Amino acid sequence: MKHAFKLEKGLYIIGVFIAVLGVLFVLIRSDYVLKLPLFNESSVSAIRTQSIDPNKDGTIDSFLIIDSQKETRLSSSLQTRLEGIGKRVTVSSIEKLTSLPEATTVIIATERLDLLRDRDILLNYVGEGGTVFFATRPSPSPRFMEIYRHVGLIEVGNFVETTGIQLTNPFFGASDYQTFETEELINSSLSVRLDPNATLLARSSQDVPLLWQTDYQAGRFIFFNGTMMEDPLEHALFFVGLSHTDPMLRPILNTKITALHGFPFHSSDERNISSSMTDRDYYRNIFWAELQRVEAKYDLNYVMATASPSLNPQLETSAYSEDLALYGRETLRSGGEVSIISAPEKQQEGWYKANSQQLQYALPGLTVKTVLATSSLDETRLNKLFSDVTVTLGEARFPTVQGNRLRLPSAPSDFTNTDLTKWYTFNELVSSGLISTQIMPQAVTSEEGGEQFLASFKDSHEMQQREVPWLRSTKASDVADNHHFFNGSIYTKKTDNTYTFTLDEGSDETFFYFTTPIPVADYEDCQLESIGPGLYLVKSESLSFTIQLEETI
């Protein structure tokens with residue numbers, strides 16, 4: 001039987017289909033989408049807690065930091081870092097030291113080893129199985145000369161200034177983050193020659209040993225031959241050294257944040273960047289399009305940090321409002337967020353009101369949860385108009401929490417100094433499992449400069465993809481989900497070669513680095529992935545999990 005095709009019916013169906021698509025497209029492009037939780041709200045997981053029995057659940061890793069009465073900067077820096085990841089820290093002055101209590105690691109944070117009353121305080125402690133970490137090189141003194149052979153040296157010379165860092169083995173699986181040849185990484189070091197039995201972990205560009213580990217009887221010494229660890233931006237070698245101690249679990253954020261600083265900004269209709277198009281068209285059609293391609297390829301979630309170009313913002317028909325609406329919507333739809341920039345020092349009055357009004361013109365209904373701090377925050381004015389802000393980028397040297405607000409580091413990427421940028425990225429990645437950077441599109445002043453900028457931007461993410469493919473990309477405001485990094489403690493119980501870790505609180509997925517010189521044989525109630533020599537990424541949704549190591553002879 002032949003069936004006659006009714007053209008009118010077919011056209012009707014096609015018309016309805018096109019109409020439905022059109023309605024959906026209009027809705028997606030409209031301001032209504034900004035009010036949907038999918039695009040506007042971050043879902044914060046509930047906090048789970050449990051009671052801890054110290055007799056059953058084990059102990060918290062404890063650190064004893066030894067400083068001197070006139071040297072406290074290094075001890076304060078390391079204390080804040082360790083307490084920030086839930087470790088117990090006690091600080092003691094070397095002038096008053098008579099013995100060493102049991103601790104996971106004893107950290108020497110003073111050059112004044114001459115103030116130590118008796119060398120046997122250290123030697124006996126390590127000889128009985130303890131770990132002593134020199135976090136700064138000592139000044140030559142009779143006391144140091146009494147112990148230098150025991151800490152892995154056979155010769156000690158004069159002070160030398162060293163630059164650059166070379167790891168003898170990559171911390172992560174690949175090798176891009178292994179060599180940092182830059183003169184900005186400066187240390188005051190001692191000219192030394194290592195004992196052949198010592199294990200060299202890092203050297204300077206001048207081939208001076210910077211970090212090594214050596215066994216002494218039942219324990220070990222770890223020695224950093226430098227002075228850079230006072231700065232939180234230079235803590236990476238501290239954690240590299242700790243990775244060569246007994247097995248240790250520490251929480252990390254496991255996230256990367258990329259902020260677009262001051263974008264969009266008020267671009268002109270002049271042809272300063274390209275002779276073939278206006279600056280505004282260049283940013284829309286070339287620069288922004290390429291940023292979106294990089295975002296999609298490397299799974300980024302941009303934080304578009306914007307600032308009103310005027311304290312008296314224009315109506316929604318202004319060019320800046322149009323750009324803000326365009327870029328803002330596309331940032332939100334791709335999983336990112338829109339944030340504001342803190343008020344300049346000389347424009348505190350009216351700044352946040354102007355930015356609030358500008359956002360209402362361009363992105364009505366938007367909830368702002370993140371602020372990029374480029375100057376001191378006026379908390380009162382900020383909270384009055386942006387009461388939902390929970391995260392501050394760029395106001396901290398390393399991740400911290402104060403009250404209900406998280407403070408995360410964020411530094412402009414300097415693509416002209418690849419090794420220094422790479423080092424700062426590596427430093428926080430090792431220390432807290434975080435890469436938090438910002439790029440400044442307004443730095444592009446020519447088409448050639450834009451091509452170089454975008455090429456360097458892509459190269460940096462290509463390197464991250466090779467080195468740390470497991471690193472998550474999240475909104476800055478979603479970092480609050482990683483609750484255990486900022487709160488709570490880890491209780492460790494060891495039975496033979498099995499470690500049971502118990503958390504007193506946590507939320508949703510919790511991530512950790514687990515470092516161990518002995519390979520992992522099995523694990524329960526968690527996920528575990530090898531990401532480097534003796535380094536594992538652990539993910540757990542449980543408040544208690546177990547890791548079993550291979551048996552040793």
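Residues numbered from 1 in each chain as written. Predicted model: local features only at pLDDT ≥ 70, side-chain atom pairs only at ≥ 80, totals over all residues. Heavy atoms only, no water.

**Q** Quick question: what am I supposed to make of the overall build of the protein here?
**A** Within the protein, the regular secondary structure consists of 14 helices and 30 strands. Expressed along its principal axes, the backbone C-alpha trace of the protein runs to roughly 95 × 60 × 50 Å. The contacts in the protein between residues at least 6 apart in sequence include a share of 74% that link residues at least 24 apart. For the protein, the accessible area works out to roughly 25100 Å², and carbon and sulfur atoms hold 49% of it. Of note, the protein has its 47 positive side-chain charges centred 4 Å away from the centre of its 71 negative side-chain charges. (Helix = DSSP H or I, 4+ residues; strand = E, 2+ residues; numbered from the N terminus. Contact = heavy atoms within 4.5 Å. Areas by Shrake-Rupley, 256 points an atom, 1.4 Å probe, with all protein chains shown as cover. Lys, Arg positive; Asp, Glu negative; His and termini not counted. Charge placed at Lys NZ, Arg CZ, Asp CG, Glu CD.)

**Q** Help me understand the sheet that holds strand E23 (residues 490–495), please; the structure alone is not making it clear to me.
**A** Hydrogen bonding along the main chain pairs the strands of a sheet, whether they run parallel or antiparallel. As summarised here, the arrangement of the four strands in space is E23-E24-E30-E27, forming an open sheet in which the pairing is antiparallel. Both outer strands of the open sheet, E23 and strand E27 (520–524), are each paired with one neighbouring strand and no more. Shown here is a sheet whose adjacent strand axes are inclined to one another by a mean of 20 degrees, direction ignored. (Pairing = 2+ DSSP bridges. Axes fitted to C-alpha atoms, helices over the stretch in contact; angles between N-to-C directions.)

**Q** Explain unusual backbone geometry here, please?
**A** Leaving glycine aside, a negative phi is the common case for residues, and trans is the common case for peptide bonds. For the bond running from Phe263 to Pro264, omega is 0 degrees, close enough to zero to count as cis. On the secondary structure map, Pro264 appears in the loop between strand E14 (255–261) and helix H8 (279–297). Positive phi, normally seen in glycine, also occurs at Asn254, with a value near 50 degrees. Looking at the secondary structure, you find Asn254 in the loop between strand E13 (248–252) and E14. Judged by its relative accessible area of 1%, Asn254 falls in the buried class. Despite not being glycine, Asp299 shows a phi value in the positive range, around 55 degrees. Checked against the element boundaries, Asp299 lands in the loop between H8 and strand E15 (302–306). (Buried < 20%, exposed > 50% of the residue type's maximum accessible area, 1.4 Å probe, protein only.)

**Q** Help me out: how do you make sense of the pattern of salt bridges in this one?
**A** Should the charged atoms of two oppositely charged side chains come close, the side chains can pair. Considering all chains together, one arrives at 24 salt bridges under this definition. Where Glu509 meets Lys539, a salt bridge forms, and the shortest distance between an N and an O atom there is 3.5 Å. Taken together, the residues span a long stretch of sequence, with Glu509 in the loop between strand E25 (505–506) and strand E26 (510–515) and Lys539 in strand E29 (residues 535–540) at a distance of 30 residues. On the basis of relative accessibility, which here comes to 25%, the residue Glu509 falls in the partly exposed class. Members of the salt-bridge network, linked through shared partners, are Arg280, Arg284, Glu322 and Asp323. (Salt bridge = Lys/Arg side-chain N within 4 Å of Asp/Glu carboxyl O.)

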